[in-house]
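Chain by chain, the residues run as shown.
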Amino acid sequence: YNWSVNCTDNVSNVGASLVYNITVNTNVAPSAPTVNITPTSPTTLQDLWCNVSINSSDGDGDAVNYSFTWYNGGVLNLSVGQSSQTYHILGGGNTTKGESWNCTVIPWDGFDNGTQASDIVTVSTGGLNVSLTSPLDNWYVNDTIRFECSASSDVALVNVTLYHNFSGSWLANGTYTTSALVYDA
């Protein structure tokens, strides 16, 4: 728009300002996105994914970027500036059992921030991983078998027990001797 100021005094003197070009911002800010954190019941060993599951819309067609902010118990933990990415990942090593994590997403169209949206999850325990590492499944042996396992947890381990099932019932570890006659057909 072009703007100018004119004025007239008592004796008919006329004055005019220079013409100014002033742009009036008629931008429409983007709408709030829909945000969710996955997994919804994370353990301490899992990454938290903050996802824009439904994009913001922009009434005047501007491209929308997003900024992501992570809060742990209401305290700012991490802020990621605007980008076209529709997700951000917080590594599982950053969380502890019982913490409440909030991811807030703010849409931005290059002119204005839109309405923010958030999601919250609470981190649980359950970061227990256990596996039998040796012998391998379907292993053949005609000597003493040595069993090895790997176990880890986000809390202190109390016990690791090897179970076996020879007769249809699972029994705790022990020393067992078995023998069999094998015939070649």
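Our structure's up above, just so we're on the same page.
Everything in this summary refers to the structure shown in the same document. (Residues numbered from 1 in each chain as written. Predicted model: local features only at pLDDT ≥ 70, side-chain atom pairs only at ≥ 80, totals over all residues. Heavy atoms only, no water.)

### Considering the nonpolar core
- Core analysis: the largest hydrophobic core is formed by 16 residues, its most contacted members being Leu48, Cys50, Phe68, Trp70, Trp101, Cys103 and Val105.
- Listing elements by their share of this core, those giving two or more residues are strand S5 (34-38), strand S6 (48-54), strand S7 (65-72), strand S10 (100-108) and strand S11 (117-122).
- Not counting chain neighbours up to four residues away, the residues in contact with cysteine 50 comprise Val35, Asn36, Ile37, Phe68, Trp70, Thr86, Tyr87, His88, Cys103 and Val105. (Core = buried A, V, L, I, M, F, W, Y, C linked by side-chain atoms within 4.5 Å. Buried < 20%, exposed > 50% of the residue type's maximum accessible area, 1.4 Å probe, protein only. Helix = DSSP H or I, 4+ residues; strand = E, 2+ residues; numbered from the N terminus. Contact = heavy atoms within 4.5 Å.)

### Topic: the state of the cysteines
- Taken as a whole and assessed by the stated rule, the structure comprises one disulfide.
- With a sulfur-sulfur separation of 2.0 Å, cysteine 50 is cross-linked through a disulfide to cysteine 103. Every disulfide takes its handedness from the sign of the S-S torsion; for cysteine 50 and cysteine 103 that torsion is -90°, giving left-handed. Note that cysteine 50 is positioned in strand S6 and cysteine 103 in strand S10, a separation of 53 residues in sequence.
- Taking relative accessible area as the criterion, cysteine 103 reaches 0% and is therefore assigned buried. (Disulfide = S-S within 2.5 Å.)

### Thoughts on the sheet that holds S6
- An order of S5-S6-S9 is seen for the three strands of this open sheet, with the pairing classed as antiparallel. Each edge of the open sheet is held by one strand with a lone partner, namely S5 and strand S9 (87-90). Neighbour-to-neighbour, the strand axes of this sheet turn through a mean angle of 20°, independent of strand direction.
- In terms of strand pairing, S5 meets S6 through five bridges, oriented antiparallel. Considered in S6, the bridge of valine 35 is made with valine 52. (Pairing = 2+ DSSP bridges. Axes fitted to C-alpha atoms, helices over the stretch in contact; angles between N-to-C directions.)

### Side note on a nonpolar patch on the surface
- There is a patch of nonpolar side chains on the surface, built from Leu132, Leu136, Trp139, Val141, Ile145, Phe147 and Leu162 and spanning about 670 Å² of accessible area.
- For valine 141, a relative accessible area of 33% corresponds to the partly exposed category. (Patch = residues over 30% accessible without salt bridge, like charges linked within 9 Å, V, L, I, M, F, W, Y side chains within 5 Å. Areas by Shrake-Rupley, 256 points an atom, 1.4 Å probe, with all protein chains shown as cover. Salt bridge = Lys/Arg side-chain N within 4 Å of Asp/Glu carboxyl O.)

### So, the sheet that holds S10
- Spatially, four strands are ordered S8-S7-S10-S11 in an open sheet, and the strand pairing comes out antiparallel. Each end of this open sheet is capped by a strand with a single partner; those strands are strand S8 (75-83) and S11. Going from strand to strand, the sheet's axes swing by 15° on average, the running direction of each strand aside.
- Looking at chain direction, S10 and S11 are connected through six bridges and run antiparallel. The residue of S11 that forms the bridge with serine 100 is threonine 122.

From the geometry alone we can't say anything about function, so treat these as descriptive.
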